[in-house]
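# Observations on the model geometry
This is what each chain is made of:
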Amino acid sequence: TGKKLLAQCIHRGRTPKPKNRDPRYINCSAYPAEQLAIRLFGGNIEDRETGEHRRKRGLLEQERGDTLVIEEVDSLPQYLQTRLLQTFFQRQESGYQQRLIFTSNRSLAKLVSDGDFRRDLFYWISQERLQLPALRDRDGKDLQALTEHIIETRSKALAISGTKELDRSAYRVLESFTFEGNIRELDNVLTRAILRASGAVLTDTDIESALMINKSASSSDNILSRQLGEGFNLDKLLDEVTAHYLERAKTHT
């Protein structure tokens with residue numbers, strides 16, 4: 001939904017201006033618990049060549065004025081939740097200043113009620129909360145702005161000559177799709193459409209073709225939650241259902 005981009009904007013807009021242009025990031029779901037603990041809090045690590053142990057500084061021990069973005073904090077193990085809370089208490093006493101931004105793909109309040117996330121830690125890190133709506137819940141202006149930006153960026157990165165544009169029929173197809181993968185999925189679809197399209201204008205046919213892989217990977221429930229708005233076409237929806245079951249039938253008979 002653009003959480004990393006928003007964190008970057010918050011970091012760059014701080015006063016006084018930060019020394020580093022970009023914040024530091026760590027994703028809690030990307031590391032085993034022991035490795036995550038060392039990366040966050042620091043610790044002794046063994047040199048593979050010499051066998052000696054040396055102290056490695058953690059991201060929570062970096063210089064003052066820095067911004068650390070802790071992504072998917074909902075994946076943080078319970079014992080590291082406790083350790084993180086202890087770190088906060090120690091910092092409050094010492095006056096250490098470091099901006100911390102936490103992101104989550106799940107409702108932390110729900111995790112608290114289920115007993116999977118510490119209530120006191122939840123209150124500590126949620127002094128201010130920003131809810132970023134899913135791409136399917138945003139209006140057409142957001143979708144158009146994101147689409148234009150992605151097409152321009154990807155065209156340059158892929159060294160494609162000329163400027164690709166979407167006609168109104170292509171936008172209607174995008175607006176009717178649920179995009180469970182949010183902006184990453186939109187980026188994926190547009191990149192595929194840019195690579196495949198022969199003309200400068202992308203039509204509904206180009207976008208439909210680029211969406212086929214994504215539609216196959218979408219859950220069957222998505223088809224029951226399409227938004228009823230401009231671009232909704234019942235016949236196309238029924239055609240999708242028919243094509244889905246015909247494709248499944250091919251694998252069975």
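Scroll up a little and you will see the structure.
Residues numbered from 1 in each chain as written. Predicted model: local features only at pLDDT ≥ 70, side-chain atom pairs only at ≥ 80, totals over all residues. Heavy atoms only, no water.

### Looking at the overall build of the protein
Applied cut-off: Helix numbers and strand numbers start at the N terminus; a helix is a DSSP run of H or I with at least 4 residues, a strand a run of E with at least 2. All radius of gyration figures rest on C-alpha atoms, and the globule criterion is 2.2 Å times the number of residues raised to 0.38. For each residue, the accessible area found with a 1.4 Å probe, counting protein chains only, is set against the maximum for its type, and the residue is called buried under 20%, exposed over 50%, and partly exposed in between. Here, two residues are considered to be in contact whenever any of their heavy atoms come within 4.5 Å of each other. What sets the accessible areas is the Shrake-Rupley method with a 1.4 Å probe; for residues, cover comes only from the shown protein chains. Only four residue types enter the tally: Lys and Arg on the positive side, Asp and Glu on the negative side; His and the chain ends are excluded. We put the charge of a Lys on NZ, of an Arg on CZ, of an Asp on CG and of a Glu on CD.
Helix and strand counts for the protein come out as ten helices and seven strands. Taking 2.2 N^0.38 as the reference for a compact globule, 253 residues should give roughly 18 Å; the C-alpha atoms of the protein span a radius of gyration of 23 Å, well beyond that estimate. Seen through its C-alpha atoms, the protein measures out along the principal axes to roughly 65 × 45 × 45 Å. The buried share of the protein, reckoned over its 253 residues, is 35%. Long-range contacts, defined as pairs at least 24 residues apart, comprise 68% of the intrachain contacts of the protein with a sequence gap of at least 6. Working note: accessible area of the protein is about 16,000 Å², and carbon and sulfur atoms make up 49% of it. The averaged location of the 37 negative side-chain charges in the protein is 5 Å from the averaged location of its 39 positive side-chain charges.

### Quick word on the pattern of salt bridges
Where side chains of opposite charge bring their charged atoms close, a pairing between them can arise. The line we're drawing: Put simply, a salt bridge is a Lys or Arg side-chain nitrogen that is within 4 Å of an Asp or Glu carboxyl oxygen.
Applying the stated criterion across every chain yields a total of eleven salt bridges. Notably, a salt bridge pairs arginine 154 with aspartate 187, separated by 2.6 Å at the nearest N-O pair. A residue pair is termed long-range when its members are at least 10 positions apart, and arginine 154 in helix α6 (residues 140–157) and aspartate 187 in helix α8 (residues 182–196) qualify at 33 residues. Residue aspartate 187 is classed as buried on the basis of its relative accessible area of 17%. Note that glutamate 208 and lysine 236 form a salt bridge whose closest N and O atoms lie 3.9 Å from each other. Of this pair, glutamate 208 sits in helix α9 (residues 204–217) while lysine 236 sits in helix α10 (residues 234–252); the two residues are 28 residues apart in sequence, bridging distant segments of the chain. According to the relative accessible area criterion, glutamate 208 is partly exposed, its value standing at 22%.

### Quick notes on the side chain of aspartate 74
Spelled out, the test is: In the analysis that follows, any N or O atom pair within 3.5 Å is treated as a polar contact, provided that within protein one partner can donate a hydrogen and the other can accept it, and provided that, for residues neighboring in sequence, both atoms belong to side chains.
Take aspartate 74: it is sitting in the loop between β4 (67–71) and α3 (78–94). Of the polar contacts made by the side chain of aspartate 74, one reaches the side chain of serine 104; its length is 3.0 Å. Within polar-contact distance, the side chain of aspartate 74 engages the side chain of arginine 106 at 2.9 Å. Discounting residues that sit within four places of it in the chain, aspartate 74 has contacts with Thr103, Ser104, Asn105, Arg106, Leu108, Leu111 and Phe117.

### Focus: unusual backbone geometry
Despite not being glycine, alanine 159 shows a phi value in the positive range, around 55°. Mapped onto the elements of the fold, alanine 159 is located in the loop between α6 and β6 (165–166). Given a relative accessible area of 68%, alanine 159 falls into the exposed group.

### What to know about the sheet that holds β4
Test applied: We call two strands paired when DSSP finds no fewer than two bridges between them. Each axis is a line fitted through C-alpha atoms, and for a helix only the stretch in contact is used; angles between axes span 0 to 180 degrees, taken between their N-to-C directions.
Across the sheet, three strands lie side by side as β1-β4-β5; this open sheet has parallel pairing. Two strands bound the open sheet, and with one partner strand each, they are β1 (24–27) and β5 (99–102). With strand direction ignored, the average angle separating the axes of adjacent strands in the sheet is 20°. One ladder, built from four bridges, connects β1 with β4; its direction is parallel. By the bridge assignment for β4, isoleucine 26 is matched with isoleucine 70. On the sheet, helix α1 (residues 3–12) packs against β1, β4 and β5 and is oriented at approximately 165° with respect to β5.

### What to know about the nonpolar core
Selection rule: Residues belong to a common nonpolar core when they are buried Ala, Val, Leu, Ile, Met, Phe, Trp, Tyr or Cys residues joined through side-chain atoms within 4.5 Å.
Ranked by internal contacts, the top residues of the largest apolar core, which has 24 residues, are Leu40, Ile70, Val73, Leu76, Leu84, Phe117 and Ile125. Only α2 (33–41), β4, α3, α4 (108–113) and α5 (119–125) provide two or more residues apiece to this core. Residue contacts for isoleucine 125: discarding those within four places in its chain leaves Val73, Phe88, Phe102, Leu108 and Phe117. Counting 22 residues, the second-largest nonpolar core is a separate cluster that includes Val173, Leu190, Ala193 and Leu211.

### A few points about the packing of α6 against α8
Rules: Working definition: roughly parallel below 35 degrees, roughly antiparallel above 145 degrees, roughly perpendicular at 65 to 115 degrees, and oblique for all remaining angles. Two helices crossing with the near one rotated counterclockwise from the far one by less than a right angle form a left-handed crossing, whereas a clockwise rotation gives a right-handed crossing. Each residue is assigned to one of three groups, with Ala, Val, Leu, Ile, Met, Phe, Trp, Tyr, Cys and Pro labelled nonpolar, Asp, Glu, Lys and Arg labelled charged, and all others, Gly among them, labelled polar.
Put simply, α6 and α8 touch, their axes get as near as 10 Å, and they point 50° apart. One way to sum up the angle between α6 and α8 is to call them oblique. Considering how the two elements wind past one another, α6 and α8 form a crossing that is right-handed. The segment α6 lies against α8, with Leu143, Leu146, Thr147, Ile150, Ile151, Arg154 and Ser155 engaging Ile183, Leu186, Asp187, Leu190, Thr191 and Ile194. Considered class by class, the residues forming the contact of α6 with α8 number eight nonpolar, three polar and two charged.

Geometric values such as these leave the question of function open.
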